[in-house]
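Spelled out, the chains give:
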Amino acid sequence: MWKWLHPYAKAERAYQLCNTLLPYFAVISIVCILVGWVWGLAFAPADYQQKDSYRIIFIHVPSAILSMGAYSSMAIAAIVALVWQIRNAELAVISIAPVGAAMTAIALITGAAWGKPMWGAWWVWDARLTSELILLFLYFGVISLYHAFEDKKVAGRAACILAIVGVINLPIIHFSVEWWNTLHQGSTITKFDTSAIDPTMLWPLLINILGFAGFVGVIALMRLKNELLRCEQHRPWVRELISRG
Amino acid sequence: MHTQHSYWQLFKAVYTKDVTLAFRQRAEIFNPLLFFVIVITLFPLAIGPEPALLSRMAPGIIWVAALLSTMLGLDKLFKEDYLDGSLEQLIASPYPLSLSVVAKVAAHWTISGLPMVLLSPLFALLMNLEQQALGATVLTLLVGTPLLSLIGGIGAGLTVGLQKGGLLLSLLVLPLYIPVLIFATSAIDTSMMSLAYGGQLAILGAMLAIGLVSAPFAISSALRVSVS
């Protein structure tokens, strides 16, 4: 495995890998989000209780899942960066952080918009909402710590340490609906066999989650490409790439 | 060749040095404490002096004041050692850096956390906190403030190399303080209803145990990054 993985520690190879992967992620995200939204927003049946306003689930749940998914992948990249001293993984951390922060913000905003008609309040200090808000602060912490350092090598490693420390929040978010009696409902889609959600709503939701995952991948890869170019800007391969246009 | 010292001697040396330095500059001890007192005084003035309202809000106010005044000393935790080069000596020494880090954090707690624990009954009285909640207040502060120093140490280690790290430090550390705040205030609230608060206290203790074994490594790797 090492023989296979190690070449990607070189920025040029990592850049090429980004280019190879990008079209796949792009196709997945465009197709799945289009299909998922049209199916979910127009064709899935209305909820018996919440009527049509439940349809925000097709944006809220994928972005909430991806806000945590992006954080876990960022933390894994951070561990790789610190343990094996791979500089590209630090760049990956920095590339993922703003995307994850945006996903967290989308989850919080759509959640507020959903909460207003259902709970009668934009915001409640419920365990899951609060821990999701902490996740947003953690993303901001990683981003602002990175930008506080002049020396980007130190900045990358400092951001990695903070990203790993923040992982402690992930289980808190995930189990917050089980540990505390909260207004936010428990998870419905992880229990396939008990089917807490009807298949006609489940399928568009799953397709949307896949689409959002692809979308996060696309943006993160594009940012990673930029970071790789910026950090290697004096290398011959970058100059060659630019001169080729 | 240098003579080998035991780990305990190292711990004691670093701890005594930090505490002695703090006692030489009394302001370092008294300013955060004074800040704690003033923040607590502001609340009755701002929200009104009704005893019922105050006693309901007392746990939260005492804990938020404790968080903020812990933050004050954090900026300096590694700063002076970083500037005069002794931090590099600690890193270069054959002893584990995490041990000297624990000693420094313990010194920080002795200077900033312990006085708050000792003074908290007085504030509980000022804030009209009910009698049965007094024990919970002191105990949660006793278990919680070392944890605050440990978590804060991670942020201090990450920002020690920065010119203006103070504001960033609070941005990094305060979100991580939230779980401590939640369980501590929930324990005091429960005790006000004369219920058993052992559960929340046990969770705080578990968090302290995890912090004690993992934070020193996080702090020392943060310091290594900052000093390199």
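Quick note: structure is the one above.
Not measured: the values here are computed from a predicted model.

Parameters at a glance
Residues numbered from 1 in each chain as written. Chains lettered and ligands numbered in written order. Predicted model: local features only at pLDDT ≥ 70, side-chain atom pairs only at ≥ 80, totals over all residues. Heavy atoms only, no water. Helix = DSSP H or I, 4+ residues; strand = E, 2+ residues; numbered from the N terminus. Rg over C-alpha atoms; globule rule 2.2 N^0.38 Å. Buried < 20%, exposed > 50% of the residue type's maximum accessible area, 1.4 Å probe, protein only. Contact = heavy atoms within 4.5 Å. Areas by Shrake-Rupley, 256 points an atom, 1.4 Å probe, with all protein chains shown as cover. Buried area = accessible area lost by both parts, 1.4 Å probe. Salt bridge = Lys/Arg side-chain N within 4 Å of Asp/Glu carboxyl O. Nonpolar A, V, L, I, M, F, W, Y, C, P; charged D, E, K, R; others polar. Patch = residues over 30% accessible without salt bridge, like charges linked within 9 Å, V, L, I, M, F, W, Y side chains within 5 Å. 1 Å grid on protein atoms, 1.4 Å probe; cavity = no way out; pocket = protein on both sides within 12 Å on 5 of 7 lines; lining within 4 Å. Points joined across faces, edges and corners; volume = space filled by probe spheres on them. Core = buried A, V, L, I, M, F, W, Y, C linked by side-chain atoms within 4.5 Å.

A. Quick look at the overall build of chain B. Across its full length, chain B holds nine helices and zero strands. Taken from the N to the C terminus, the helices and strands of chain B come in the order α-α-α-α-α-α-α-α-α. In terms of overall size, chain B behaves like a compact globule, its C-alpha atoms giving a radius of gyration of 18 Å where 228 residues would be expected to give roughly 17 Å. A principal-axis box enclosing the C-alpha atoms of chain B has dimensions of 65 × 35 × 30 Å. Taken over 228 residues, chain B has a buried fraction of 50%. A fraction of 82% describes how many contacts in chain B between residues 6 or more apart in sequence connect residues 24 or more apart. Of the roughly 10,500 Å² that chain B leaves accessible, carbon and sulfur atoms contribute 71%.

B. Highlighting the interface of chain A and chain B. The partner chain B presents 18 residues to the 16 residues of chain A that form the contact. The largest per-residue losses of area from chain A upon contact with chain B belong to I134, I161 and V165 of chain A, which jointly make up 28% of the total buried on that side. Between the two partners, chain A and chain B, sit zero salt bridges. Listed by contribution, the elements that provide at least two residues to the side of chain A that touches chain B are α5 (127–148) and α6 (152–166) of chain A. For the side of chain A that touches chain B, the leading source of residues is α5 of chain A, giving seven residues. Split into classes, the residues belonging to the side of chain A that touches chain B amount to 13 nonpolar, two polar and one charged.

C. Structural view of the pattern of salt bridges. All names here are of chain B. Considering all chains together, one arrives at eight salt bridges over all chains under this definition. Between K17 and D18 there is a salt bridge; the shortest N-O distance is 3.7 Å. With a shortest N-O distance of 3.4 Å, D189 and R56 are connected by a salt bridge. Remark: R56 occurs in helix α3 (residues 51–74) and D189 occurs in helix α8 (residues 166–192); sequence separation between them is 133 residues. Here the salt bridges do not stand alone but share partners, grouping K17, D18, D81 and K104 into one network.

D. Representation of a nonpolar patch on the surface within the structure. Residue and element names in this part refer to chain A. Taken together, the side chains of V27, V31, V35, V38, W39, F43 and W203 define a hydrophobic patch exposed on the protein surface, amounting to about 690 Å² of accessible area. Here the element with the most residues in the nonpolar patch is helix α2 (residues 11–43); it accounts for six residues. The topology assignment puts V31 in helix α2. Judged by relative accessible area, which is 45%, V31 ranks as partly exposed.

E. Structural detail: unusual backbone geometry. Of note, Q85 of chain A is a non-glycine position whose phi angle comes to about 55°, a positive value. Here Q85 of chain A is to be found in the loop between α3 (57–83) and α4 (87–119). In the Ramachandran plot, S194 of chain B falls in the positive-phi region, its phi being about 60° despite a non-glycine side chain. Its place among the elements puts S194 of chain B in the loop between α8 and α9 (198–227). According to the relative accessible area criterion, S194 of chain B is exposed, its value standing at 56%.

F. Up close: empty space enclosed by the protein. Counted according to the given criterion, the structure contains one cavity of 30 Å³ or more. Taken as a whole, the largest cavity encloses approximately 30 Å³ of empty space. Grouping the constituent residues of the lining of the largest cavity by class yields four nonpolar, one polar and two charged.

G. How the structure looks around the nonpolar core. Formed by 117 residues in total, the largest nonpolar core has its most connected members in M74 of chain A together with L158 of chain B. A per-element tally of this core places α8 of chain B first, with 12 residues. Setting aside anything within four residues of it in sequence, one finds M74 of chain A in contact with V93, I96, A97, Y139, V142 and A163 of chain A. Ranked by size, the runner-up nonpolar core spans 16 residues in total, among them A44, V99, M201 and L202 of chain A.

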